[in-house]
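Given next are the chains, with one letter for each unit.
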Amino acid sequence: MPVFTGSGVAVITPMNEDQTVNYSKLEELINYHIDHGTDAIIITGTTGESPTLSEEEHKDVIRAAVDFTAGRIPVVAGTGSNSTLTAIQLTQAAEKAGADAALVVTPYYNKATQKGLIEHYEAIADATKLPIIVYNVPSRTGTNVLPQTMARLFHDRKNIVGLKEATGNMSQASETMRLCDGKLELYSGEDGLVVPLLSIGGLGVISVIANIAPQHTHDMVQAFFDGDVKRAARMQLESLDMVNSLFCEVNPIPVKTAMNMLGADCGPLRAPMCQMEPENAARLKASLDAFEAYIDL
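Computed from a prediction, not measured in an experiment: that's the story for all the values here.

Here we come to the pairing of strand β7 (residues 185-188). Because side chains alternate across β7, one face comprises the buried residues Glu185 and Tyr187, and the other comprises Leu186 and Ser188, equally buried. Since strand β6 (residues 160-165) and β7 lie parallel, the crossover through helix α7 (residues 170-179) that links them has a hand, and here it is right-handed.

What follows is the structure in structure tokens.
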């Protein structure tokens, strides 16, 4: 069975005003997502400001998410690092905490070679029994997992099962699926390309927009699986303005700002994330107003 199908929310990490993690709000958000169609909780990812969490905070947030979710839907823990050893330690901690899978971003800044990527992921896979979803987002990491590399990892390690595809390159995604015999658990890492990724065998999305519109995101994926491709495509297009506004500044600045605009009281961002530029905040507010019918908060 796949780790999940449908809409996995890349959930934000709420903060108190002193920038400590707000665990009571995190519990509230997880319950909200479970009640509004979300199919999996993706914790301590990019959207969760994981680069600004200490290693102990990172582990604590994963443990809390597992506890709060209480087995109702899968929990996928972001455990990537630019250090292989740190990624192993975080993945083992996630396994001990009871996470259902690990989402492991490519090493950032180091710009590993393809050989280095293979050795990195194989070392992590050999150190855990958790299913591993590789996260390929070259725009943020400076490193691209090429189709041949992903295929080798998929075929050589049974617990390297999936890919969060965030290159924006449909040709690359298609070639990756071809080399993996169509069996790779493929998840869109781009909210604007969910339906196209589903059309080549994708299982769902790891979503930013689902923070504010979980039911809409779930329903869009479900419509595709139900054979109503026209409805799924229409829902994809309906969300594009909102998606574009959520990425008009670097994620997760806009989505956390949006949630606070909607009254969710999720607290400040951690530096070096900062407040939005006024013109971008105005654009975000206009998109929220236009998308109001699909927002559940």
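This part takes up the UniProt feature "site: Part of a proton relay during catalysis" (unreviewed entry) in the protein chain. In this numbering, the UniProt entry assigns the feature "site: Part of a proton relay during catalysis" (unreviewed entry) to Thr46 and Tyr109. Lining residues of the largest pocket drawn from the annotated list: Thr46. For Thr46, the position within the fold is in the loop between β2 (40-43) and α2 (55-69). Sequence-distant contacts of Thr46, defined by excluding residues within four places in its chain, comprise Tyr135, Arg140, Asn251 and Pro252. In this fold, Tyr109 is placed in the loop between β4 (101-105) and α4 (114-126).

Tracing the backbone shows Leu284 in helix α12 (residues 278-290). The spatial distance from the C-alpha of Leu284 to the C-alpha of Pro254 is 7.3 Å, given a sequence separation of 30 residues. Dropping the residues within four chain positions of it, Leu284 is found in contact with Met242, Ser245, Leu246, Pro254, Thr257, Ala258, Met261 and Met276.

Next up on the list: the layout of surface pockets. Its volume calculated, the largest pocket comes out at about 520 Å³. Forming the boundary of the largest pocket are 29 residues, of which Gly45, Thr46, Ser50, Pro51 and Tyr108 lie nearest the centre. Looking at the lining of the largest pocket, the elements that each hand over two or more residues are α2, α3 (84-97), β4 and α5 (138-141). The element best represented in the lining of the largest pocket is β4, accounting for three residues. Class assignment for the residues of the lining of the largest pocket results in 13 nonpolar, 13 polar and three charged. Space inside the second largest pocket adds up to approximately 340 Å³. Taken together, 20 residues line the second largest pocket, and the ones lying closest to its centre are Ser139, Gly189, Glu190, Phe247 and Asn251. At the level of secondary structure, the elements contributing two or more residues to the lining of the second largest pocket comprise α5 and α10 (229-246). Residues belonging to the lining of the second largest pocket are distributed by class as follows: nine nonpolar, seven polar and four charged.

Calculation notes
- Residues numbered from 1 in each chain as written.
- Predicted model: local features only at pLDDT ≥ 70, side-chain atom pairs only at ≥ 80, totals over all residues.
- Heavy atoms only, no water.
- Buried < 20%, exposed > 50% of the residue type's maximum accessible area, 1.4 Å probe, protein only.
- Helix = DSSP H or I, 4+ residues; strand = E, 2+ residues; numbered from the N terminus.
- Right-handed = clockwise from strand over helix to strand, strands pointing away.
- UniProt positions renumbered as here; feature names shortened; annotations may be inferred.
- 1 Å grid on protein atoms, 1.4 Å probe; cavity = no way out; pocket = protein on both sides within 12 Å on 5 of 7 lines; lining within 4 Å.
- Contact = heavy atoms within 4.5 Å.
- Points joined across faces, edges and corners; volume = space filled by probe spheres on them.
- Nonpolar A, V, L, I, M, F, W, Y, C, P; charged D, E, K, R; others polar.

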